[in-house]
Amino acid sequence: MIAGVADDRLHNHSCQRRSQPQYGDLVRSGVTTLWLTPIDDNSDATSDYHGYGATDLYKVEDHFGTMADYQNLVATAHQQGLKVLLDMVPNHVGPNHPWANSQPAPGWLHGTPQNHINTDYDYPPITDPHAVEKNTISALDGWFANALPDLAQENPRVAQYLLQNALWWTESSGVDGFRIDTFPYVPRSFWNFYLKNVFATYPNFFTVGEIFNTDPTVTSYWAGGHTGFDGIDTLLTTPFDFPMQDALHKVINQGQSAKLIVNVLRQDRLFPHPEILVTFIGNHDMPRFITQANGSPEQLKAAFGLLTTLRGIPQIYYGDEIGMPGQDDPDDRHDFPGGFPGDKQNAFTPAGRTPQQQEIYAYLQSLLKLRRDHPALREGVQKHVVVDKDYYLFTREAPGERLLVAFYKGQAPKSLSVDLTNTSIADAKSVTPLFSGSAAKLAGEQLTLQLAPMSVAVYRVE
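First, a word on scope: everything that follows refers to the structure included in this document. All figures in this text were calculated on a predicted structure; none of them were measured in a lab.

### Describing the nonpolar core
Item 1. One finds Tyr-194, Ile-261 and Phe-407 to be the most contacted residues of the largest nonpolar core, which totals 89 residues.
Item 2. Those residues within four positions of Phe-407 in sequence are excluded, and the remaining contacts are Val-251, Ile-252, Ala-258, Ile-261, Ala-302, Leu-306, Asp-390, Tyr-391, Tyr-392, Ser-455 and Val-456.

And the structure:
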């Protein structure tokens, strides 16, 4: 399962038909998993381009193809050693779904198109033991974007319908897990019911939930493996690590202190399993990382360096591996160049990439190979060595292997002298470059490194 491998790429795909899937480079790079955006049938209306406004929860969107195409995609991925996560949306349906104007039974939805609550996206009060219904009703019963009909999951019939739908999509193809949309906008009691039954049928299933919040005290409340003050365990395998995404963006693209990364890691105690948090630097709901970096490939590469060496399971948004630009949605969801009939560029091949695209791709590929080849980067314990506003050094340690990772965000080369006394590698006899670093000098417990500007280097410690 994905959590056992602890190295993964969750990859969104555009809602149009491509030629035969090309997964060879992904597997060779160390990628293990594909994340598909929702494939339920959606309206052809421009407002539903995103795929999150289903009109039929039992039909494949025709821009993707047919049920047979879906089954073939999963089978092909499995044959090549890849797992597949399907994007599930139990919170709502689309405005053109038949239920919007004709509910199957009273209480199927929260309201009607003419009379409903608009969500204010304020779900942190759900984590507050002092909150009352007034503080949480907008998040739980409100219509997303004031347009997407909100399902009443507290209704046992609705809950059973959604569970049966989840089992149907899984059984139809054998997908390996779900990425679950808008997770906090659904009652926690529903998640316990839903996931308990999913796991009872598929014990090795993997679920990752979208809790779009940068505060670990908020995101951790929905992580499975512990109960909240309400006595409920959501059973969610893991959330996305939005707090770390925010920290990496602020440190690398906004020049803020590297201590922000450690501030996030310090709160790992709130999660039952922080080692499987799904880390990322961007997704389909935010401007692309390189655009926020003002086009700097060095900053994007530094972000990839941290993403692949920090604790957690890294997710990479399609197109970031070649530095695709993109502003806010929908500009961040352009088609990947290549794979469609008539495309002028095919960035699936080295010959089809620009020199800068190839530079970024090759760098990420080498990082993923490094992670694949070194268990400490996938499964090792992470320990701080030294942190400053411009740099952060840490170790990843597993039985038989100790690695030192050095991140430096300064604009000029730096000679850094580090006292290893009272660190987990105080007994080091040698420190040798493994990835991107220059020679290190070790004298007793004093380590001297030569750090390149905006860089991540990895060293073997013996």
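Structure's up, so let's keep going.
### Let's talk about the sheet that holds strand E12 (residues 401-408)
Item 1. Ordered by their spatial adjacency, 5 strands build an open sheet running E10-E11-E12-E17-E14, and the pairing between neighbours is antiparallel. Only two strands of the sheet have a single partner each, and these edge strands are strand E10 (381-387) and strand E14 (431-435). Neighbour to neighbour, the strand axes of the sheet diverge by 30 degrees on average, direction disregarded.
Item 2. Across the face of the sheet, helix H11 (residues 297-307) comes into contact with strand E11 (391-398), E12 and strand E17 (455-461) while running at roughly 35 degrees to E17.
Item 3. Strand contacts of helix H12 (residues 355-373): E14 and E17, with the helix running at about 125 degrees to E14, the strand carrying the most contacts.

### Some remarks on the sheet that holds strand E4 (residues 83-88)
Item 1. Spatially, the 5 strands line up as an open sheet ordered E1-E4-E5-E6-E7, and their pairing is parallel. Only two strands of the sheet have a single partner each, and these edge strands are strand E1 (33-36) and strand E7 (238-239).
Item 2. Where E4 lies against strand E5 (residues 177-180), 4 bridges are found, and the strand directions are parallel. Residue pairing for E5: Asp-87 is matched across the bridge by Arg-179.
Item 3. Of the strands in this sheet, E1 and E4 touch helix H3 (residues 67-79), which is tilted by about 145 degrees from E4.
Item 4. On the sheet, helix H6 (residues 188-201) packs against E4, E5 and strand E6 (206-209) and is oriented at approximately 160 degrees with respect to E5.

### Considerations on the pattern of salt bridges
Item 1. With the rule as written, the count across this model stands at 17 salt bridges.
Item 2. Asp-373 is the partner of Lys-369 in a salt bridge, and the nearest nitrogen-oxygen pair spans 2.7 Å. In this pair, Lys-369 and Asp-373 both sit in helix H12, 4 residues apart, roughly one turn of the helix.
Item 3. Relative accessible area serves as the criterion here: at 41%, Lys-369 is assigned to the partly exposed category.
Item 4. Taken together, the shared-partner salt bridges in this structure form one network comprising Asp-87, Arg-179, Asp-181 and Glu-210.

### Some remarks on the packing of helix H8 (residues 242-253) against H11
Item 1. One can describe the packing of H8 onto H11 by two numbers: an axis separation of 10 Å at closest approach and a directional angle of 140 degrees. Looking at the two axes, H8 sits oblique to H11. Seen along the crossing, H8 lies across H11 with a hand that is right-handed. Contact residues: Leu-248, Ile-252 and Asn-253 in H8; Gln-299, Ala-302, Ala-303 and Leu-306 in H11.
Item 2. Taken together, the residues of the contact of H8 with H11 break down into 5 nonpolar, 2 polar and no charged.

What counts and what doesn't
Residues numbered from 1 in each chain as written. Predicted model: local features only at pLDDT ≥ 70, side-chain atom pairs only at ≥ 80, totals over all residues. Heavy atoms only, no water. Core = buried A, V, L, I, M, F, W, Y, C linked by side-chain atoms within 4.5 Å. Buried < 20%, exposed > 50% of the residue type's maximum accessible area, 1.4 Å probe, protein only. Contact = heavy atoms within 4.5 Å. Pairing = 2+ DSSP bridges. Helix = DSSP H or I, 4+ residues; strand = E, 2+ residues; numbered from the N terminus. Axes fitted to C-alpha atoms, helices over the stretch in contact; angles between N-to-C directions. Salt bridge = Lys/Arg side-chain N within 4 Å of Asp/Glu carboxyl O. Parallel < 35°, antiparallel > 145°, perpendicular 65-115°, else oblique. Left-handed = near helix turned anticlockwise from the far one by under 90°. Nonpolar A, V, L, I, M, F, W, Y, C, P; charged D, E, K, R; others polar.

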